Amino acid sequence: MGKWFPKLYDSLMSPLERRGIQGVRKNLIQKAQGKVLEIGSGTGLNFPFYLQAEQVVAIEPEPLMRKQSLLRANKSRVPIEVILTGAEELPFLDNSFDTVVGTLVLCTIPDPQKALEEIRRVCKPNGQMLLFEHVKVNHPVLGRIQDWMTPVWRRFCDGCHLNRNTLEIVKHTGFHVRHIERHYKNIFVVIEAVNRK
Ligand SMILES: C[S@@+](CC[C@H](N)C(=O)[O-])C[C@H]1O[C@@H](n2cnc3c(N)ncnc32)[C@H](O)[C@@H]1O
């Protein structure tokens, strides 16, 4: 990844955050309970919204993103540590976490299926997974535009795919999806799922 992406990430997100994404984060993140794993925590935009968690272990493979997130981790109401690693091979024991959180991240992870299998492994039976993701829309024109834009978008936005069928991948991995909420013309989706083992 170029250094410019982590440096500009908060500024690029700021207009979207003000137009509603921050509200979606807040509603979702405050549901995280117990020992929490956050995958691909970026600059820590979710950190201020952890209220009920006992402890948050965040993972982030990009050193500059991690460094920026430490400022937010230090100000958080709950203890947060940020480990420099990726989601496809998690350095945690089986059944370690009550909640797993991911926001705007399964679009970027090179192997989302593998990451979700790892999440299932480290998440306790009946533990919850809380996701907020952008996905491929079920609309013939918009969906095709997402396909068409993805190769260029990926190059400039840190490997982000505009056209991932994340909900299908989540279901395929064996999670029980208990709640779905669609936002912004169905481009964004909140997924709350239970880890049925
Ligand atoms: C678009 S940013 C989202 C950051 C943050 N979750 C948020 O909501 O603002 C995508 C993040 O995924 C991280 N990422 C990329 N590959 C990853 C991987 N294999 N495992 C975990 N995170 C990854 C990137 O470094 C980046 O911080």
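You'll find the structure just up there.
Residues numbered from 1 in each chain as written. Predicted model: local features only at pLDDT ≥ 70, side-chain atom pairs only at ≥ 80, totals over all residues. Heavy atoms only, no water.

A. Seen up close, the site of the ligand. Surveying the vicinity of the ligand reveals 21 residues, the closest of which are Tyr9, Arg25, Gly40, Glu60 and Thr103. Between the ligand and Arg25, the relevant distance is 2.8 Å, taken from an oxygen atom to a side-chain nitrogen or oxygen of the residue. Side-chain polar atom of Thr103 to an oxygen atom of the ligand: 2.6 Å apart, as the coordinates give it. For the ligand, the protein covers 93% of the area, taking 580 Å² as the surface of the free molecule. By residue class, the composition of the shell around the ligand is ten nonpolar, six polar and five charged. (Near = heavy atom within 4 Å. Polar contact = N/O pair within 3.5 Å; in protein donor to acceptor, adjacent residues only side chain to side chain. Areas by Shrake-Rupley, 256 points an atom, 1.4 Å probe, with all protein chains shown as cover. Nonpolar A, V, L, I, M, F, W, Y, C, P; charged D, E, K, R; others polar.)

B. Representation of the side chain of Arg25 within the structure. Mapping Arg25 onto the fold places it in helix H1 (residues 4-29). Polar contacts involving the side chain of Arg25 include one to the side chain of Thr103, which spans 3.3 Å. (Helix = DSSP H or I, 4+ residues; strand = E, 2+ residues; numbered from the N terminus.)

C. Layout of the packing of aromatic side chains. The tally for this structure, following the rule as stated, stands at five aromatic pairs. Note on Trp4 and Phe5: the rings are 5.7 Å apart at their centroids and 85° apart in plane angle, and the pair reads as edge-to-face. Given a relative accessible area of 41%, Trp4 falls into the partly exposed group. Under the relative-accessibility criterion, Phe5 is labelled buried at 10%. Pairing Phe92 with Phe97 gives two aromatic rings, centres 5.1 Å apart and planes at 80°, and the pair type is edge-to-face. Relative accessible area serves as the criterion here: at 1%, Phe97 is assigned to the buried category. Each residue in the set Trp4, Phe5 and Tyr9 is aromatic and connected to the rest through ring pairs, giving one cluster. Of note, Lys35 hangs over the ring of Phe97, and the distance from its end group to the ring centre comes to 5.1 Å. It is Arg120 that lies over the ring of Phe175; its NZ or CZ is 5.8 Å from the centre. (Phe/Tyr/Trp six-rings, centres within 6.5 Å; stacked < 30°, edge-to-face > 60°. Buried < 20%, exposed > 50% of the residue type's maximum accessible area, 1.4 Å probe, protein only. Lys NZ or Arg CZ within 6 Å of the ring centre and 35° of its normal.)

Honestly, that's just the spatial picture; any functional story needs more than this.
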